[in-house]
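Single-letter residue listing:
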Amino acid sequence: MTILRRAFADLSVGQVHYAACGDPQAPAVLLLHQSPRSWAEYRDVLPLIGARCHAIAMDTAGFGDSADGGVPASIAQWARVACELLDALHIGRVDVVGHHTGGVIALELAAAFPERVRSLVLSSTPYTDEAFRRARAQRPPIDEVAPSEDGSHLAALWQRRQGFYPPGRPDLLEAFVRDALKVGYRVEEGHRAVASYRMEDRIGRVTQPALIMRATDDPFAAPHAQELQHHLPQARIVDIEGGMVPLPDQMPDAFARAVLDFLSTRP
């Protein structure tokens, strides 16, 4: 049985929370979550990857139980903090897995600290260029809802996401709402950071082996897979049929299998 352990690391932003599974001497895999989730998005994935690797899921700075240090939110800042965690854990090189926002952070981590990243798994990751930024600016907030005295904003938060989650899985929406409430008024912060990230200026620096994981029923990210591959010619695409926005906790076995299959074939 693979034991999951949780801990905090003292980094530049304050205490950053992470969970880990597996042998610390095994090759390390860092898992980065979507917004406004937390490490718990990978709760069921960690022991599966941890059976073969040292699997670590961190709370992005300002999310879950991690401090943000009062530093403005940005993809570059979150990648720097992720690299600080690697330093604190004495991990030289790592395979990085990111889902949605986590995929954007993973790409920046590979671009900014190429010597630290062996390979990338980009799950449901958007390609954020000028067209993406224009389109995002014209749409309403993704998760932000106005607070109400009667608590109806909690139902509104649930309903915002319900159509992108599988029917019959209220547990997945409950997990999302718990994490969103923990973030509070900053619930939209991750989406704004993604929307302002100039991926077109950074992606050319990424030369590591890469896997693009496409959840076929995720309308936000599935259409970006081909465009990502165009800019990452070394990457291949794998489809997770029926996968939706909460892919890691919706289909942990399929998610972990795709990651491990990729890691077993990379140089």
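What counts, and at which threshold
- Residues numbered from 1 in each chain as written.
- Predicted model: local features only at pLDDT ≥ 70, side-chain atom pairs only at ≥ 80, totals over all residues.
- Heavy atoms only, no water.
- Helix = DSSP H or I, 4+ residues; strand = E, 2+ residues; numbered from the N terminus.
- Rg over C-alpha atoms; globule rule 2.2 N^0.38 Å.
- Buried < 20%, exposed > 50% of the residue type's maximum accessible area, 1.4 Å probe, protein only.
- Contact = heavy atoms within 4.5 Å.
- Areas by Shrake-Rupley, 256 points an atom, 1.4 Å probe, with all protein chains shown as cover.
- Arc of directions from axis to C-beta.
- Axes fitted to C-alpha atoms, helices over the stretch in contact; angles between N-to-C directions.
- Parallel < 35°, antiparallel > 145°, perpendicular 65-115°, else oblique.
- Nonpolar A, V, L, I, M, F, W, Y, C, P; charged D, E, K, R; others polar.
- Pairing = 2+ DSSP bridges.
- Phe/Tyr/Trp six-rings, centres within 6.5 Å; stacked < 30°, edge-to-face > 60°.
- Disulfide = S-S within 2.5 Å.
- Core = buried A, V, L, I, M, F, W, Y, C linked by side-chain atoms within 4.5 Å.
- Salt bridge = Lys/Arg side-chain N within 4 Å of Asp/Glu carboxyl O.

### Thoughts on the overall build of the protein chain
- Within the protein chain, the secondary structure is distributed over 10 helices and eight strands.
- Rg of the C-alpha trace for the protein chain: 17 Å, near the compact-globule value of 18 Å for 267 residues, within the 12% margin.
- With respect to the principal axes defined by its C-alpha atoms, the protein chain has extents near 55 × 40 × 40 Å.
- Residues classed as buried in the protein chain amount to 55% of the 267 residues present.
- Contacts spanning at least 24 positions in sequence make up 73% of the contacts within the protein chain whose residues lie at least 6 apart.
- Within the structure as shown, the protein chain displays about 11400 Å² of accessible surface, and the carbon and sulfur contribution to it stands at 53%.

### Section: helix 4 (residues 130-137)
- Looking at helix 4, one finds that the buried residues are Phe-132, Arg-133 and Arg-136. All buried residues of helix 4 project into a common sector of 95° when viewed along the axis, lining one side.
- Residues of helix 4 that are buried make contact with helix 7 (189-196).

### Points about the packing of helix 2 (residues 75-88) against helix 3 (residues 101-112)
- Here helix 2 crosses helix 3 at 70°, and the two axes come no closer than 9 Å. On the basis of their axis angle, the class for helix 2 and helix 3 is roughly perpendicular. Here helix 2 contributes Ile-75, Ala-76, Trp-78, Ala-79, Ala-82 and Cys-83 to the contact with helix 3, which in turn contributes Thr-101, Val-104, Ile-105, Glu-108 and Leu-109.
- A breakdown of the residues in the contact of helix 2 with helix 3 according to their chemical character gives nine nonpolar, one polar and one charged.

### Comments concerning the sheet that holds strand 1 (residues 4-11)
- Strand order in the open sheet formed by eight strands is 1-2-4-3-5-6-7-8, with mixed pairing between adjacent strands. In this open sheet, the two strands that pair with only one neighbour each are strand 1 and strand 8 (235-240). Strand-to-strand, the axes of this sheet are offset by a mean angle of 25°, without reference to chain direction.

### Quick word on the environment of Gly-64
- When you line up the elements, Gly-64 lands in the loop between strand 4 (54-58) and helix 2.
- Sequence separation between Gly-64 and Val-16 is 48 residues, and the spatial gap between their C-alpha atoms is 9.2 Å.

### Details of the packing of aromatic side chains
- Here the structure, examined in full by the defined rule, presents four aromatic pairs.
- Consider the rings of Phe-164 and Phe-220, whose centres lie 4.7 Å apart with planes at 55°: the pair is tilted. On the criterion of sequence distance, the pair formed by Phe-164 in the loop between helix 5 (152-162) and helix 6 (170-183) and Phe-220 in the loop between strand 7 (210-215) and helix 8 (225-231) is long-range, its members being 56 residues apart.
- Given the relative accessible area of 27%, Phe-164 is considered partly exposed.
- Residue Phe-220 is classed as partly exposed on the basis of its relative accessible area, which comes to 39%.

### Details of unusual backbone geometry
- Ser-35 connects to Pro-36 through a cis peptide bond whose omega is -5°.
- Locating Pro-36 in the fold gives a position in the loop between strand 3 (28-32) and helix 1 (46-50).
- Positive phi, normally seen in glycine, also occurs at His-100, with a value near 55°.
- For His-100, the position within the fold is in the loop between strand 5 (94-99) and helix 3.

### Considerations on the state of the cysteines
- Inspection of every chain in the model, using the stated rule, returns zero disulfides.
- Cys-53 provides the cysteine sulfur closest to Cys-21, a residue in no disulfide bond, and the two sulfurs are 11 Å apart.

### Points about the environment of Gln-138
- On the secondary structure map, Gln-138 appears in the loop between helix 4 and helix 5.
- Under the relative-accessibility criterion, Gln-138 is labelled exposed at 67%.
- With 119 residues separating them in the primary sequence, Gln-138 and Ala-19 have C-alpha atoms 37 Å apart.

### Comments concerning the side chain of Arg-116
- Assignment of secondary structure puts Arg-116 in the loop between helix 3 and strand 6 (117-123).
- Residues contacting Arg-116, with those up to four places away along its chain left out, are Cys-83, Leu-86, Asp-87, Ile-91, Gly-92, Arg-93 and Val-94.

### Structural notes on the nonpolar core
- Counting residues in hydrophobic clusters, the biggest one holds 51 residues, and the most contacted among them are Leu-30, Met-58, Leu-109 and Leu-120.
- The greatest single-element share of this core, amounting to eight residues, is contributed by helix 2.
- Discounting chain neighbours no more than four positions away, the residues touching Met-58 are Val-16, His-17, Tyr-18, Leu-30, Leu-31, Leu-32, His-33, Trp-39, Val-81, Ala-82 and Leu-85.
- By size, the runner-up hydrophobic cluster in this structure holds 28 residues, among which are Cys-21, Leu-31, Val-121 and Val-259.

### Here's the deal with the pattern of salt bridges
- Applying the stated criterion across every chain, the model contains 16 salt bridges.
- Asp-65 is the salt-bridge partner of Arg-6, the closest N and O atoms lying 3.7 Å from each other. Residue Arg-6 is located in strand 1, and its partner Asp-65 is located in the loop between strand 4 and helix 2; the two are separated by 59 residues in the primary sequence.
- Two residues, Arg-214 and Asp-239, come together in a salt bridge whose shortest N-O distance is 2.5 Å. Taken together, the residues span a long stretch of sequence, with Arg-214 in strand 7 and Asp-239 in strand 8 at a distance of 25 residues.
- Connected through shared salt-bridge partners, Glu-130, Arg-133, Arg-198, Glu-200 and Asp-201 make up one network.

Taken by themselves, the reported measurements are silent on function.
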